[in-house]
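Each chain, written out:
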Amino acid sequence: MSEFLDTLARNALFKFDPETAHGLSIKALKSGLVPGCRRDLDNRLAVEVAGMTFPNPLGMAAGYDKNAELATPLSKLGFGFVEVGTLTPRAQDGNPKPRIFRLPSNRAVINRLGFNNRGHAAALENLSGQKRAGILGINIGANKDAEDRIGDYVAGISAFADIASYFTVNVSSPNTPGLRNLQTREALSELLTRVLAERDRCAGKIPVFLKIAPDLTEPDLNDIAAECLAQKLDGLIVSNTTLSREGLGDDAGKNEAGGLSGRPVFERSTIVLAKMRQRLGADMPLIGVGGVESAETAAEKMRAGADLVQIYTGFIYGGPLLPRRILRGLSKICDREKLKRLHDLRDIRTAHYASLPIPA
Ligand SMILES: Cc1cc2nc3c(=O)[nH]c(=O)nc-3n(C[C@H](O)[C@H](O)[C@H](O)COP(=O)(O)O)c2cc1C
């Protein structure tokens, strides 16, 4: 697909409300209307994390492919891995529409979807119809009306044990009331104990990652890090969307309720990432998410401590050619900085970001 067609398609999509545009982009990807790109393999971008070999460190974040329909077409766009979900055991509609809002002058989005998805069984069926393409993350959550929330996460592990490359336990969506309380030490301890016991029981060595919010205090980070280390968790994803509305100027959508993503969340999520790298040590796999929109922002996440990065909002604004552009840019960074492996960038600026306060 040429840059011209890419821009044309994106401008057309932006004429629709964001959720309709999202649905259209899913249809286009599913139908093959967006042609896959040739995979330019640059071995310097490959990285081994949690026992998996990633062809490159750029992943699609959870929330774009809620029902696991697009793992194959997304990996054809260049992504080194695709995380689908968040999936809950039973289908649920989520919050009333409208519930996604663009903030174009900030290259940002606010969403309050509330885990709309068609449930485990439908996702399993969707996945069974796809040729397995690359590394597949299954992001699991709890139904809004679950009687045993932790039981819903446990059910996610058993449902996808035969197909997941890794699991993400999402306790950081701001749009399911009370969900973020699972990040407190006592609740997290019970959650991880039960989830990891189920993983050991039925899913062998499949890595389990925890996805956290960027709206945490230093003592919260201490608690989460201590629990992750105590339970020998396989990795952490930092971060989900923020409830903060700092520095948005007078963008019309900024007063909508929900989680903010995109450019304004870059600094906050990168600071929290670096603080967690310092607390968790060099060996814990970390995935940096929040405001990645270019090769330079992806590389900066790695300099702050990330082994891998993910994007979502950057893809909405950047379009289907963005993953390829980012990968080409990462190769150029390897040339410029004479790196044998891109991963050698990791931690160069961890101390800097970790020294900054988490913004209000
Ligand atoms: C519309 C929308 C829906 C999302 N849904 C989910 C979700 O279901 N589960 C999840 O873990 N994160 C979800 N996220 C959060 C993203 O995965 C990501 O953590 C966050 O948006 C920050 O990255 P970004 O700035 O690249 O978008 C969603 C984000 C957006 C914009």
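Structural notes, computed from the coordinates. (Residues numbered from 1 in each chain as written. Predicted model: local features only at pLDDT ≥ 70, side-chain atom pairs only at ≥ 80, totals over all residues. Heavy atoms only, no water.)

## Thoughts on the overall build of the protein chain
Link 1 in the chain: Scanning the protein chain from terminus to terminus reveals 12 helices and 13 strands.
Link 2 in the chain: Against the compact-globule benchmark of 21 Å for 360 residues, the protein chain has a radius of gyration of 19 Å, which places it among compact chains.
Link 3 in the chain: With the C-alpha coordinates of the protein chain rotated into their principal frame, the extents come out at 50 × 45 × 45 Å.
Link 4 in the chain: Within the protein chain, buried positions represent 59% of all 360 residues.
Link 5 in the chain: For the protein chain, contacts bridging at least 24 residues in sequence account for 75% of all contacts bridging at least 6.
Link 6 in the chain: Side chains of the protein chain carry 47 positive and 41 negative charges; the gap between the two charge centres is 5 Å. (Helix = DSSP H or I, 4+ residues; strand = E, 2+ residues; numbered from the N terminus. Rg over C-alpha atoms; globule rule 2.2 N^0.38 Å. Buried < 20%, exposed > 50% of the residue type's maximum accessible area, 1.4 Å probe, protein only. Contact = heavy atoms within 4.5 Å. Lys, Arg positive; Asp, Glu negative; His and termini not counted. Charge placed at Lys NZ, Arg CZ, Asp CG, Glu CD.)

## Points about the sheet that holds strand β11 (residues 259–262)
Link 1 in the chain: As summarised here, the arrangement of the three strands in space is β5-β6-β11, forming an open sheet in which the pairing is antiparallel. Strands at the two margins of the open sheet, each flanked by one partner only, are β5 (100–103) and β11. Recorded for the sheet is a direction-independent mean angle of 25° between the axes of neighbouring strands.
Link 2 in the chain: Looking at chain direction, strand β6 (residues 108–111) and β11 are connected through four bridges and run antiparallel. Among the inter-strand pairings, N111 is bridged to a residue of β11, identified as G259. (Pairing = 2+ DSSP bridges. Axes fitted to C-alpha atoms, helices over the stretch in contact; angles between N-to-C directions.)

## Side note on the pairing of strand β12 (residues 286–289)
Link 1 in the chain: Judged by which residues are buried, β12 turns out to be covered on both faces: L286 and G288 on one side and I287 and V289 on the other are all buried.
Link 2 in the chain: With three bridges joining them, strand β10 (residues 235–238) and β12 adopt parallel strand pairing. Residue pairing for β12: V238 is matched across the bridge by G288.
Link 3 in the chain: Sheet topology places β12 next to strand β13 (residues 308–311); three bridges connect them, and they run parallel.

## Overview of the site of the ligand
Link 1 in the chain: For the ligand, the set of nearby residues contains 23 residues, the closest of which are A62, T86, G262, G291 and T313.
Link 2 in the chain: The side chain of N170 places a nitrogen or oxygen atom 3.1 Å from an oxygen atom of the ligand.
Link 3 in the chain: Within the backbone of G291, one N or O atom sits 2.8 Å away from an oxygen atom of the ligand.
Link 4 in the chain: Burial of the ligand by the surrounding chains reaches 98%, relative to a free accessible area of 600 Å².
Link 5 in the chain: Class assignment for the residues of the shell around the ligand results in seven nonpolar, 14 polar and two charged. (Near = heavy atom within 4 Å. Polar contact = N/O pair within 3.5 Å; in protein donor to acceptor, adjacent residues only side chain to side chain. Areas by Shrake-Rupley, 256 points an atom, 1.4 Å probe, with all protein chains shown as cover. Nonpolar A, V, L, I, M, F, W, Y, C, P; charged D, E, K, R; others polar.)

## Regarding the pairing of β13
Link 1 in the chain: Residues L308 and Q310 point to one face of β13 and V309 and I311 to the other, with burial holding for every one of them.
Link 2 in the chain: One ladder, built from three bridges, connects strand β3 (residues 58–60) with β13; its direction is parallel. Counted as the bridge partner of L58 is V309 from β13.
Link 3 in the chain: Once the chain exits β12 it traverses helix α9 (residues 295–303) before rejoining the sheet at β13, and the crossover so formed is right-handed. (Right-handed = clockwise from strand over helix to strand, strands pointing away.)

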